[in-house]
Amino acid sequence: MSKERTLSIIKPDAIGKNHIGGILSRFEEAGLKIVAAKMIHLSKDQAEGFYAVHKERPFFKDLVSFMITGPVLITVLEGANALQKNRDIMGATDPKKAAPGTIRADFAQSIDENAVHGSDSLENANIEIAYFFKPNEIVNRTR
Amino acid sequence: MKLLLFSALCVLLTYNTVVQAQTVSGKTKEQTLSIIKPNAVAANHIGEIIARFEKAGLKIAAIKMLTLDKKEAQDFYAEHNERPFFPDLIEFMTSGPIVVMVLQGDQAVAKNRELMGATDPSKAAKGTLRADFAESLTKNAVHGSDSSQSAEREIAFFFKTSGIANR
């Protein structure tokens, strides 16, 4: 399988609890490579633009307000089957339903403050990566 | 007259204490630059290394990943350009991507240096980053600013002020 890329965001709750290293380790231990990283405090416009697909959903307003409460750490993860692998490592959206050993079971407190975001399809991964990174901000990992 | 001088001195001393107290409280936001070098990135130790900083109470205030070109590496290490190890250092630092971070916290410069351990991994204390992740004196896993003056220069080398989060 060729290299696949997905977008991961460590959300403000997990940043506030200083779990960046703990979360990135989970990705690396699963064989995903980090190929880009930045830390941003999203503006309301940036958060609304990023979650535009959810604009009509009832949770949209709360999601946007949460995502701008503090800085987030955005990474591009690369590897075979990166998209599905990241989703497996994150666990269910609702931490109460997340399997033991997943990031959400271990680091999330509620369905709103659920520690991480991961792209849900390859198409969205491409859109989300381009939303945050210029091509020259993504490194070439030959090892 | 003596009394007046004495009062002036008291005012001055009080003023100094206030200024010092502000400097001390300012230290809770001391910043330092950390680089995870190509060997540790390649070995996929990014998360583990960052976890050491966070467990020690240092916060990540900025992060980026890039591959240095020769000129950037030479400029960053300009103070070492006469040293015998300079060419090897530049070759190694441009051999693959690195992760550059601003760490923030009380005594960030000194704390980061303690966590890293001695430059030579064979002399680094047990449990330090270099004892655990370095391969050799050159491939020693991490860089950390050696003083608050260097930290200021090194942070400005990689980050615009707007790229550093308010933690």
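Reading the values: the criteria
- Per chain, the residues get numbers from 1 upward, laid out in the order the sequence is written.
- Chain A is the first chain written and ligand 1 is the first ligand written, with later ones labelled in order.
- Where totals are concerned, whole chains, interfaces and linings use all residues; where local detail is concerned, this predicted model gives features only for residues with pLDDT of at least 70, and gives and counts side-chain atom pairs only at 80 or more.
- Working from all heavy atoms in the structure, the side-chain values ignore hydrogens and water.
- Throughout, a residue-residue contact means that at least one pair of heavy atoms, one from each residue, lies within 4.5 Å.
- Two parts placed together each lose some accessible area under a 1.4 Å probe, and the buried area is that loss summed for both.
- Salt bridges are defined as contacts in which a side-chain nitrogen from Lys or Arg sits within 4 Å of a carboxyl oxygen from Asp or Glu.
- Any pair of nitrogen or oxygen atoms within 3.5 Å is treated as a polar contact; in protein, a donor-acceptor pairing is required on top of that, and neighbouring residues in sequence qualify only through side-chain atoms on both sides.
- To qualify as a helix, a DSSP run of H or I must reach at least 4 residues; to qualify as a strand, a run of E must reach at least 2; elements of each kind are numbered from the N terminus.
- When residue character is reported, Ala, Val, Leu, Ile, Met, Phe, Trp, Tyr, Cys and Pro are called nonpolar, Asp, Glu, Lys and Arg charged, and the others, Gly included, polar.
- Relative accessibility thresholds used throughout: buried, under 20% of the residue-type maximum; exposed, over 50%; partly exposed, between the two (1.4 Å probe, protein chains only).
- Between 30 and 60 degrees the pair is tilted, below 30 it is stacked and above 60 it is edge-to-face, where a pair is any two Phe, Tyr or Trp rings, Trp via its six-membered ring, whose centres lie within 6.5 Å.
- Either the NZ atom of lysine or the CZ atom of arginine qualifies as a charge over a ring when it sits within 6 Å of the ring centre and within 35 degrees of the ring normal.

Draft legend 1. The arrangement of the interface of chain A and chain B in detail. Listed per partner, the contact involves 24 residues of chain A and 27 residues of chain B. Buried area between chain A and chain B, both sides added, is near 1900 Å², and the carbon and sulfur share of it is 58%. There are zero salt bridges connecting chain A and chain B. Joining chain A to chain B, the criterion identifies nine residue pairs in polar contact (both at pLDDT 80 or more). Secondary-structure elements contributing two or more residues to the side of chain A that touches chain B are helix 1 (12-16), helix 2 (20-29) and strand 2 (33-40) of chain A. Residue classes in the side of chain A that touches chain B are distributed as eleven nonpolar, seven polar and six charged.

Draft legend 2. Structural context of the pattern of salt bridges. Residues and elements named next belong to chain A. Applying the stated rule across the entire model yields nine salt bridges over all chains. Notably, a salt bridge pairs D106 with R26, separated by 2.8 Å at the nearest N-O pair. One end of the pair, D106, is in helix 6 (residues 103-107); the other, R26, is in helix 2, and 80 residues separate them in sequence. On the basis of relative accessibility, which here comes to 22%, the residue R26 falls in the partly exposed class. E48 is the partner of K44 in a salt bridge, and the nearest nitrogen-oxygen pair spans 3.4 Å. With K44 and E48 both in helix 3 (residues 44-50) and four residues apart, the pair spans about one turn of that helix. One salt-bridge network, in which partners are shared between bridges, spans K3, R5 and E78.

Draft legend 3. Spatial organisation of unusual backbone geometry. Residue and element names in this part refer to chain A. The residue N18 is not glycine, and still its phi comes out positive at about 55°. For N18, the position within the fold is in the loop between helix 1 and helix 2. One non-glycine residue, A115, lies in the positive phi region at around 70°.

Draft legend 4. Seen up close, the packing of aromatic side chains. For the structure on display, the rule yields eight aromatic pairs over all chains. When the centroid spacing of 5.0 Å and the interplanar angle of 80° are considered together, the rings of F76(B) and Y77(B) count as edge-to-face. Note on accessibility: F76(B) and Y77(B) belong to one class, buried. Between F157(B) and F158(B), the aromatic rings sit 5.0 Å apart at their centres with planes inclined by 75°, giving edge-to-face as the arrangement. According to the relative accessible area criterion, F158(B) is buried, its value standing at 8%. Put simply, the rings of F50(A), Y51(A), Y131(A) and F132(A) pair up and form one aromatic cluster. Sitting over the ring of F159(B), K64(B) keeps its end group 5.1 Å from the ring centre. Directly above the ring of F76(B) sits R153(B), whose terminal nitrogen or CZ lies 5.9 Å from the centroid.

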